[in-house]
Amino acid sequence: YKDCNINGFIDYLETNLIFPRRLTGRKISERLVVTFWVNEQGKVILPIVNNKVDKDFVYEITRVLLECPQWINGTVKGKPSSYQFVLDVTFTGQD
């Protein structure tokens, strides 16, 4: 992540993820397991939610990941390389 640490990425997620409006007011806790890639240019691509959850949660995590600031690209033997992440995200709604 461009801020050079996982805490910067977590802060970005916490600041930008919005609980889906359609589900507001319901006591819901939804855990998403998301796989995504960071390409050779440091852009987040191909976010995939690996478990079955409400489509509004899928839309929201996809939106936030695709809008994520550029990452510092990974390298393998000195050459830019894409790399994969698996992320657990929990949305929690309140009455």
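Residues numbered from 1 in each chain as written. Predicted model: local features only at pLDDT ≥ 70, side-chain atom pairs only at ≥ 80, totals over all residues. Heavy atoms only, no water.

Student: Describe the sheet that holds strand β1 (residues 29–38), with residues and values.
Tutor: Across the sheet, which stays open at both edges, the 3 strands sit in the order β2-β1-β5 with antiparallel pairing between neighbours. Of all the strands in the sheet, the pair left with one neighbour each is β2 (44–49) and β5 (83–92). Within this sheet the neighbouring strands show an average axis-to-axis angle of 25 degrees, counted without direction. Here 4 bridges tie β1 to β2, and the two strands are oriented antiparallel to one another. Each bridged residue has a counterpart across the sheet, and for Thr35 the counterpart in β2 is Ile48. (Pairing = 2+ DSSP bridges. Helix = DSSP H or I, 4+ residues; strand = E, 2+ residues; numbered from the N terminus. Axes fitted to C-alpha atoms, helices over the stretch in contact; angles between N-to-C directions.)

Student: Explain the packing of aromatic side chains to me, and be specific about the residues and the numbers.
Tutor: Using the criterion set out here, one finds 9 aromatic pairs in the structure. Aromatic side chains Phe9 and Phe36 sit 6.2 Å apart centroid to centroid with 45 degrees between the ring planes, which places their arrangement in the tilted category. With Phe9 in helix α1 (residues 6–16) and Phe36 in strand β1, the pair connects residues that are 27 residues apart, well separated along the chain. For the residue pair Phe9 and Phe36, the accessibility class agrees, reading buried in each case. With a centroid separation of 4.8 Å and 45 degrees between ring planes, the pair formed by Phe57 and Phe91 is classed as tilted. In this pair, Phe57 sits in helix α2 (residues 55–66) while Phe91 sits in strand β5, placing the two residues 34 residues apart along the sequence. Each residue in the set Phe9, Phe36, Trp71, Tyr83 and Phe85 is aromatic and connected to the rest through ring pairs, giving one cluster. (Phe/Tyr/Trp six-rings, centres within 6.5 Å; stacked < 30°, edge-to-face > 60°. Buried < 20%, exposed > 50% of the residue type's maximum accessible area, 1.4 Å probe, protein only.)

Student: Pulling in residues and values, what's your account of the pattern of salt bridges?
Tutor: Inspection of every chain in the model, using the stated rule, returns 5 salt bridges. One salt bridge in this structure joins Arg31 and Asp88, with 2.9 Å as the shortest N-O distance. Here Asp88 lies in strand β5 and Arg31 lies in strand β1, a separation of 57 residues in the sequence. The class of Arg31 is partly exposed, set by a relative accessible area of 45%. Since its relative accessible area comes to 46%, Asp88 is described here as partly exposed. A single network of salt bridges, built from pairs that share partners, joins Arg22, Asp54 and Asp56. (Salt bridge = Lys/Arg side-chain N within 4 Å of Asp/Glu carboxyl O.)

Student: Now, about α2: what can you tell me, with residues and values included?
Tutor: Between its first and last C-alpha atoms α2 spans 16 Å; for 12 residues at 1.5 Å apiece the expected length is 16 Å, and the two agree. Where α2 is concerned, the buried positions are Asp56, Phe57, Glu60, Ile61, Val64 and Leu65. Considered in projection along α2, the buried side chains sweep an arc of 160 degrees and stay on one side of the axis. Turned more than 90 degrees from where α2 packs its buried face, Lys55 and Tyr59 sit exposed. At its buried positions, α2 is contacted by α1, β1, β2 and β5. For α2, the capping residue at the N-terminal end is Asp54, with a side-chain oxygen 2.8 Å from the backbone nitrogen of Asp56. (Expected span 1.5 Å × (residues − 1). Arc of directions from axis to C-beta. Contact = heavy atoms within 4.5 Å. Polar contact = N/O pair within 3.5 Å; in protein donor to acceptor, adjacent residues only side chain to side chain.)

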